[in-house]
Amino acid sequence: MSIRAFKIFVINLNESTERLERLKSEFERIGLDFERIPAVDGRKLSENQILKHYSPELNRKKYFVPLSKPEIGVYLSHLTACEKIISENLDFGMILEDDIVLKDGFQMIPQVLCSLNEKWNYIKLIAPGKKKKIKKSERIVVDLPIELNIESYFKDINSGKNETITETRSISAPAIFELITWNKPPIGASAYAITLDGAKEFLSKRSIFFRPIDVDLQYEWETSLNIQGLSPFFLELLGDKSTVQTCKLKYHYPLARIIYKLKYAIISGLYSKEK
């Protein structure tokens, strides 16, 4: 297994202290570290700050409803995480929002990502919601180190008592994963890994954005990201209310959402056939 430079980043609003403390406990339990990235609070951004990165004009042309300030803040937070990967010259980063719950086995994921030989740039680590049709699946077998406690029994010739010696041995055991590609990637940006090249590509294409990030990631032909997933998934979403509150906004024009969905279905269908 090659040694690669990576970090786990958690995006967290300053006010969401309970979520941060919960994740600290979960990461400590599985023996991994993470670096907190203060989330951008879109509600506190000025109009000038917003217009540096968000284009209302492109939004009207390519999406069906304006983005709310919290949605803009979320997008900027993910761009900040990508900038961290680039500035620290990491091979890849694992970017998590603070509404995820770690399950036993998540500690294996960094080792699995380090072992991937094929070129990748974006891998989802969770795929909640409606299951998407899988186009391709590649089996990944990784030898992961584990420790065994082995007990040996013997009889002490002096005392005549039975004694036990416990010895810890390190061995390797195969673990099976699947690297999957969907016809249409699942929506969401709660947890993913992105490479240095992927972060650079994404920033070059989305220094100005106009859709929510979880929707935008489905536009692979625009972002140049090859969206894949690593199964099984060892994360799940927190059940409490999202800290990204969106208000009901009016569509740009009548039937805007229907027209948007039809356009996406046609273009994504053509792209899927070409992949």
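Keep in mind it's a predicted model, so treat the numbers as computed, not measured.

Caption draft 1: How the structure looks around empty space enclosed by the protein. Following the criterion strictly, the structure yields 2 cavities of 30 Å³ or more and no others. Roughly 40 Å³ of volume is contained in the largest cavity. If you trace the largest cavity, you find 11 residues lining it, with Asn183, Pro185, Glu220, Trp221 and Tyr271 closest to the centre. Of all the elements in the fold, those that place two or more residues in the lining of the largest cavity are α8 (220-223) and α9 (256-274). When residues in the lining of the largest cavity are grouped by element, the largest group, 4 residues, is from α9. Of the residues that constitute the lining of the largest cavity, the class distribution is 4 nonpolar, 4 polar and 3 charged. The computed volume of the second largest cavity comes to approximately 30 Å³. Taken together, Phe106, Ile109, Leu125, Leu230, Pro232 and Phe234 form the lining of the second largest cavity. Its residues assigned to classes, the lining of the second largest cavity shows 6 nonpolar, no polar and no charged.

Caption draft 2: Examining the environment of Trp221 more closely. Mapped onto the elements of the fold, Trp221 is located in helix α8. Along the primary structure Trp221 and Ser268 are separated by 47 residues, whereas in three dimensions their C-alpha atoms are 8.4 Å apart. Ignoring sequence-local partners within four residues, the contact set of Trp221 consists of Tyr264, Ile267, Ser268 and Tyr271.

Caption draft 3: Looking closely at the pattern of salt bridges. Enumeration according to the criterion identifies 18 salt bridges in this entry. A salt bridge links Arg19 to Asp98; its shortest N-O distance comes to 2.9 Å. A residue pair is termed long-range when its members are at least 10 positions apart, and Arg19 in helix α1 (residues 17-30) and Asp98 in the loop between β3 (92-97) and β4 (100-102) qualify at 79 residues. The residues Arg19 and Asp98 share a single accessibility class, namely buried. Through salt bridges that share partners, Lys7, Glu35, Lys84 and Glu88 make up one connected network.

Caption draft 4: Layout of the confidence of the model for the chain. Within the chain, residue pLDDT values average 89, and 89% of them lie at 70 or more. Looking at the elements of the chain, mean pLDDT is at its lowest for strand β6 (residues 134-155), recorded as 77, and at its highest for β3, recorded as 98.

Caption draft 5: Structural context of the nonpolar core. If you look at the biggest cluster of nonpolar residues, it comprises 42 residues, and the most contacted ones within it are Ile72, Ile85, Ile194, Phe202 and Phe209. Of all the elements in the fold, those that place two or more residues in this core are β1 (6-12), α4 (69-87), β7 (162-182), β8 (191-195), α6 (196-205), α7 (213-216) and α9. Top element by residues in this core is α4. It accounts for 8 residues. Ile72 has contacts with Leu45, Ile50, Tyr54, Leu67 and Phe209, leaving out every residue within four places of it along the chain. The next biggest cluster of nonpolar side chains, apart from the first, holds 32 residues, and it includes Val10, Leu102, Leu113 and Ile140.

Caption draft 6: Examining α1 more closely. Taking 1.5 Å per residue as the helical rise, α1 with its 14 residues ought to reach 20 Å, and the 20 Å between its terminal C-alpha atoms agrees with that figure. Looking at the buried residues of α1, the elements they touch are β1, β2 (35-38), β3 and β4. Downstream of α1 by a residue or two, Gly31 has a phi angle that is positive, lying close to 80°.

Caption draft 7: Spotlight on a positive patch on the surface. Judged by side-chain charge, Lys130, Lys184, Arg257 and Lys261 come together as a positively charged surface patch. With respect to the helices and strands, the residue Lys184 is situated in the loop between β7 and β8. Among the residues examined, Lys184 registers a relative accessible area of 31% and is labelled partly exposed.

Rules and cut-offs
Along each chain, the written sequence defines residue order, and numbers are assigned to residues from 1. Reporting in this predicted model follows two pLDDT cut-offs: at least 70 for local features of residues, and 80 or more for side-chain atom pairs to be given and counted; totals over whole chains, interfaces and linings ignore these cut-offs and use all residues. By convention in this description, side-chain values take in all heavy atoms of the structure and omit both hydrogens and water. Every definition here rests on a 1 Å grid over the protein atoms only: cavities are sets of points where a 1.4 Å probe fits but cannot get out, pockets are open sets enclosed by protein on both sides within 12 Å along at least five of seven lines, and lining residues have some atom within 4 Å of a point. Grid points are joined across faces, edges and corners, and a volume is the space filled by probe spheres set on the points. Here a helix means four or more residues in a row that DSSP labels H or I, a strand means two or more in a row labelled E, and each is numbered from the N terminus. Each residue receives one of three labels: charged for Asp, Glu, Lys and Arg, nonpolar for Ala, Val, Leu, Ile, Met, Phe, Trp, Tyr, Cys and Pro, and polar for the others, Gly being one of them. Working rule for contacts: check all heavy atoms of both residues, and any pair within 4.5 Å makes them a contact. Any Lys or Arg side-chain nitrogen found within 4 Å of a carboxyl oxygen on Asp or Glu counts as a salt bridge. Burial classes follow relative accessibility: with a 1.4 Å probe on protein chains only, a residue under 20% of its type's maximum area counts as buried, one over 50% as exposed, and anything between as partly exposed. Scored between 0 and 100, pLDDT is the confidence that the predictor attaches to each residue. Remark: nonpolar core denotes a set of buried residues (Ala, Val, Leu, Ile, Met, Phe, Trp, Tyr, Cys) joined through side-chain atoms within 4.5 Å. Helix span, as expected, comes to 1.5 Å for every residue beyond the first. Patch membership requires over 30% relative accessible area and the absence of a salt bridge. Like charges are linked within 9 Å, and nonpolar side chains (Val, Leu, Ile, Met, Phe, Trp, Tyr) within 5 Å. Accessible surface area values rest on a Shrake-Rupley calculation with a 1.4 Å probe, where residue burial reflects the displayed protein chains alone. In this charge count, Lys and Arg are treated as positive and Asp and Glu as negative; neither His nor the chain ends contribute. Every charge is mapped onto a representative atom, which is NZ of Lys, CZ of Arg, CG of Asp or CD of Glu.

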